[in-house]
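Now for the letters of each chain:
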Amino acid sequence: MTSKANTVDDYISELTDERKIIIEKLRNCIKSNLPKGFEEGIQYGMIGYFVPHKIYPNGYHCNPKEPLPFMNIASQKNSVNVYHMGLYAKKDLYDWFVTEYSKQFSKKLDIGKSCIRFKNEAAIPFEILAELIQKITVDEWISIYENTIKK
């Protein structure tokens, strides 16, 4: 479900009351732990966290007019999703996240290459997400992107 919202507040206002609460909690977790330099906005119809053009003028190789994406959160039909490009680009980070999640939750993690799907709020590992968010700085993300993804 892609939103046509132009601002984060507009995106959140489109959600059901239950989803607003979850998305706001995720948003607060991200904003409280996001390293300096990343910015928040709407990207790809979701709430996005990205490296702005003022820091990385080249932008995203798929569309250089877009700033370099890092994370997104989205309310989908059956889940709330967190997209973290670092999980896609760094296998050791992916493995760390899966291991940490399994230590706290008995239910199997619903995860793709960069997408983590949560069907209920009780399964969202806010503390682990906070740690994950802090693990990559803007400069590190640019380096990882240039050396791993942009080839």
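About the criteria used
- Residues numbered from 1 in each chain as written.
- Predicted model: local features only at pLDDT ≥ 70, side-chain atom pairs only at ≥ 80, totals over all residues.
- Heavy atoms only, no water.
- Axes fitted to C-alpha atoms, helices over the stretch in contact; angles between N-to-C directions.
- Helix = DSSP H or I, 4+ residues; strand = E, 2+ residues; numbered from the N terminus.
- Left-handed = near helix turned anticlockwise from the far one by under 90°.
- Contact = heavy atoms within 4.5 Å.
- Nonpolar A, V, L, I, M, F, W, Y, C, P; charged D, E, K, R; others polar.
- Parallel < 35°, antiparallel > 145°, perpendicular 65-115°, else oblique.
- Core = buried A, V, L, I, M, F, W, Y, C linked by side-chain atoms within 4.5 Å.
- Buried < 20%, exposed > 50% of the residue type's maximum accessible area, 1.4 Å probe, protein only.
- Pairing = 2+ DSSP bridges.

A. Representation of the packing of helix α2 (residues 17–33) against helix α5 (residues 126–134) in the model. At their nearest, the axes of α2 and α5 sit 8 Å apart, and the two run at 35° to each other. Helix-helix and strand crossings are classified by hand; for α2 and α5 the assignment is right-handed. Of α5, the residues touching α2 (which contributes Lys25, Leu26, Cys29, Ile30 and Asn33) are Phe126, Leu129, Ala130, Ile133 and Gln134. Residue composition of the contact of α2 with α5, by class: seven nonpolar, two polar and one charged.

B. Seen up close, the packing of helix α4 (residues 91–104) against α5. The N-to-C vectors of α4 and α5 enclose an angle of 165°; their axes lie 10 Å apart at closest approach. The orientation of α4 relative to α5 falls into the category roughly antiparallel. Note on packing geometry: the crossing formed by α4 with α5 is right-handed. Across from Leu93, Trp96, Phe97, Glu100, Tyr101 and Gln104 in α4, the residues of α5 making contact are Ile128, Leu129, Glu131 and Leu132. A breakdown of the residues in the contact of α4 with α5 according to their chemical character gives seven nonpolar, one polar and two charged.

C. Focus on the nonpolar core. In this structure, Leu26, Phe97, Leu129 and Trp141 are the most contacted members of the largest nonpolar core, which totals 54 residues. Among all residues touching Leu129, those that are not within four sequence positions of it are Leu26, Cys29, Val82, Phe97, Ile116 and Ile124.

D. Representation of the pairing of strand β4 (residues 80–84). In terms of burial, β4 is a largely internal element, five of the five residues being buried. Side chains Val80, Val82 and His84 project from β4 onto one buried face, and the interleaved Asn81 and Tyr83 project onto a second face that is buried too. In the sheet, strand β3 (residues 68–75) pairs with β4 via five bridges, with the strands oriented antiparallel. Looking at the pairing, Ser75 lines up with Val80 of β4. The hairpin formed by β3 and β4 contains four residues between the paired strands. Two elements, β4 and strand β6 (residues 115–118), share four bridges in a ladder whose sense is antiparallel. Bridge pairing links Asn81 to Arg117 in β6.

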